[in-house]
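# Observations on the three-dimensional arrangement
In case you want the letters, here they are:
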Amino acid sequence: VILTPDEIQLILNKKGLRKRILMPDGVDLLPLNDRIKKILQIIKDKPVKSYEMICFIMYDIESNKVRNEVAKFLIRKGAIRIQKSVYLIRENTENIMKIYNSLKQIQECYENNDSIIISPVEVSSLRSMKLIGKQIDLKVIIDKPNTLFF
C-alpha cells in the first residue's frame, strides 16, 4: 500500500510526531532531517535502472500563482521538495520527458522571464554533495555503517 503525503502527514500528526511546515504556496516543506532521509531513500533504496534518472528540478518563477501550480504539479509527479524552489525526483526517462514537456507548455503560456532547470545528477555526485549550514554527517547517512557482532 502506497500512502499519499497527506495520509502520511495525518498519521504522523495523530501520533504527535511532526508538525507541518507550510510554505507560502501552501505546500509542505518537511524538516531538514526528513528531507535528507527522502533524498537518501531515492539514492539508496534500489539501484538506478538504465531507464531511470535522478534529476534536480529548480525554478525561478515570478508569478505566485504559476509558482504555486508548478510546485503542486511537481509534488503530484513524485518530486521531493528539498528547498523552496528545488526538487529531487527519481523517475523513468519517459516520465521525465513528460514533466519537461508539461513545464515547457506552462512556461510558454504567458509572457515571462522565468526559468526552469531540469538537471540529471549521478548517484556519485549526490554522494559527494556538501552541505553548508546545519551540520549533518552525510557519509554516515549515505553509506550506512556496517556493524559486525561476534
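Definitions and limits used
Residues numbered from 1 in each chain as written. Predicted model: local features only at pLDDT ≥ 70, side-chain atom pairs only at ≥ 80, totals over all residues. Heavy atoms only, no water. pLDDT = per-residue confidence, 0-100. Helix = DSSP H or I, 4+ residues; strand = E, 2+ residues; numbered from the N terminus. Contact = heavy atoms within 4.5 Å. Pairing = 2+ DSSP bridges. Axes fitted to C-alpha atoms, helices over the stretch in contact; angles between N-to-C directions. Polar contact = N/O pair within 3.5 Å; in protein donor to acceptor, adjacent residues only side chain to side chain. Salt bridge = Lys/Arg side-chain N within 4 Å of Asp/Glu carboxyl O. Buried < 20%, exposed > 50% of the residue type's maximum accessible area, 1.4 Å probe, protein only.

## Here's the deal with the confidence of the model for the protein
Scored by pLDDT, the protein comes out at a mean of 75, with 59% of its residues at no less than 70. Per-element confidence in the protein is highest for strand β4 (residues 115–120), whose mean pLDDT is 94, and lowest for helix α6 (residues 138–142), whose mean pLDDT is 39. Across residues 136–144 the pLDDT falls below 50, and counting only partners more than four positions away or on other chains, this stretch makes 19 contacts in the model.

## Thoughts on the sheet that holds strand β3 (residues 86–92)
One open sheet accounts for four strands, arranged β2-β3-β1-β4; its pairing is antiparallel. The sheet is open, and its two edges are formed by β2 (80–83) and β4, each paired on a single side. On average, each strand axis in the sheet is tilted by 25° relative to the strand beside it, whichever way the strands run. The pairing of strand β1 (residues 52–60) with β4 spans six bridges and is antiparallel. Bridge assignment links Tyr 59 to a residue of β4, and that residue is Ile 116. The sheet contacts of helix α4 (residues 93–108) involve β1, β3 and β4, and relative to β3 the element is tilted by about 135°.

## Some words on the side chain of Glu 52
Looking at the element boundaries, Glu 52 is found in strand β1. Side chain to side chain, Glu 52 and Arg 90 meet in a polar contact 3.4 Å long.

## Describing the pattern of salt bridges
This model, assessed by the stated rule, comprises two salt bridges. The closest approach of N and O atoms between Glu 52 and Arg 90, which form a salt bridge, is 3.4 Å. Of this pair, Glu 52 sits in strand β1 while Arg 90 is found in strand β3, placing the two residues 38 residues apart along the sequence. For the residue pair Glu 52 and Arg 90, the accessibility class agrees, reading buried in each case. Measuring nitrogen to oxygen at the nearest pair gives 3.5 Å for the salt bridge that ties Glu 94 to Lys 98. Taken together, the residues span about one helical turn, with Glu 94 and Lys 98 both in helix α4 at a distance of four residues. Judged by relative accessible area, Glu 94 falls into the exposed class, the value being 54%.

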